[in-house]
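Examination of the molecular architecture
What follows is the residue order along each chain.
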Amino acid sequence: MTKKNILSIVIVILLFLFAGIAIFFLDLNCLFKMIFKIPCPGCGMSRAFKAIVNFKIMESFSYNILAFPTLLLFLYILFLTFKDIIKKENNLYTFVINLFTKHYKLIIFLLVLSEVLNIIRDI
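Residues numbered from 1 in each chain as written. Predicted model: local features only at pLDDT ≥ 70, side-chain atom pairs only at ≥ 80, totals over all residues. Heavy atoms only, no water.

Scanning the chain for helices and strands turns up 7 helices and 0 strands. Counting from the amino terminus, helix and strand elements in the chain follow one another as α-α-α-α-α-α-α. Overall, the chain is about 50 × 35 × 30 Å in size when its C-alpha atoms are taken along their principal axes. For the chain, with 123 residues in total, the buried portion stands at 23%. About 8900 Å² of surface is accessible on the chain, with carbon and sulfur atoms providing 75% of the total. Between the averaged position of the 13 positive side-chain charges in the chain and that of its 6 negative side-chain charges there is a distance of 7 Å. (Helix = DSSP H or I, 4+ residues; strand = E, 2+ residues; numbered from the N terminus. Buried < 20%, exposed > 50% of the residue type's maximum accessible area, 1.4 Å probe, protein only. Areas by Shrake-Rupley, 256 points an atom, 1.4 Å probe, with all protein chains shown as cover. Lys, Arg positive; Asp, Glu negative; His and termini not counted. Charge placed at Lys NZ, Arg CZ, Asp CG, Glu CD.)

And the structure:
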């Protein structure tokens, strides 16, 4: 493995560690909610991720319905990143582009659904 590959792996690990620290230890307020006075589609994600880590999957859905699918997608992207770095390929870019071009209607529907549910529940 080259130094560039090792550096890439270290950067990915540090980014995930920073995201974990931000979710679990920092009390971050939603900028969207502060400006527009309504919750965004991502409101409740931190609490939902905390519930998932504590194996309370159904509780996580009450905070944000997109938390579990988002976590699975991030884990898959992390797997692809490591695979690409180790095998010196570039499949992640193709995967992400294909995901959004093939499923953009579903992604938009899920974001709108999450937004509506967050507004109804006043998350």
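This part is about the packing of helix α5 (residues 67-87) against helix α6 (residues 91-102). Two packed helices can be described by the angle between their axes and the distance between those axes. α6 packs onto α5 with a crossing angle of 150° between their chain directions and a minimal axis gap of 8 Å. Judged on the interaxial angle alone, α6 and α5 are roughly antiparallel. Taken together, the residues of α6 that come into contact with α5 (itself represented by Leu73, Tyr76, Ile77, Leu80, Thr81, Lys83 and Asp84) are Asn91, Leu92, Phe95 and Leu99. Its residues placed into classes, the contact of α5 with α6 shows 7 nonpolar, 2 polar and 2 charged. (Axes fitted to C-alpha atoms, helices over the stretch in contact; angles between N-to-C directions. Parallel < 35°, antiparallel > 145°, perpendicular 65-115°, else oblique. Contact = heavy atoms within 4.5 Å. Nonpolar A, V, L, I, M, F, W, Y, C, P; charged D, E, K, R; others polar.)

Even without glycine at this site, Lys37 takes up a positive phi of about 65°. Turning to its location among the elements, Lys37 is positioned in the loop between α2 (31-36) and α3 (45-53). Owing to a relative accessible area of 66%, Lys37 belongs among the exposed residues under this scheme. One non-glycine residue, Phe55, lies in positive phi territory at about 60°. Mapped onto the secondary structure, Phe55 falls in the loop between α3 and α4 (57-63). With relative accessibility at 75%, the residue Phe55 sits in the exposed group.

The relation between two aromatic rings is expressed through the spacing of the ring centres and the mutual angle of the planes. Per the counting criterion, the structure on display carries 3 aromatic pairs. A ring pair is formed by Phe32 and Phe36, whose centres lie 4.8 Å apart and whose planes are at 50°; its orientation type is tilted. Highlighted residues: Phe32 and Phe36, both in helix α2, separated by 4 residues, approximately one helical turn. (Phe/Tyr/Trp six-rings, centres within 6.5 Å; stacked < 30°, edge-to-face > 60°.)

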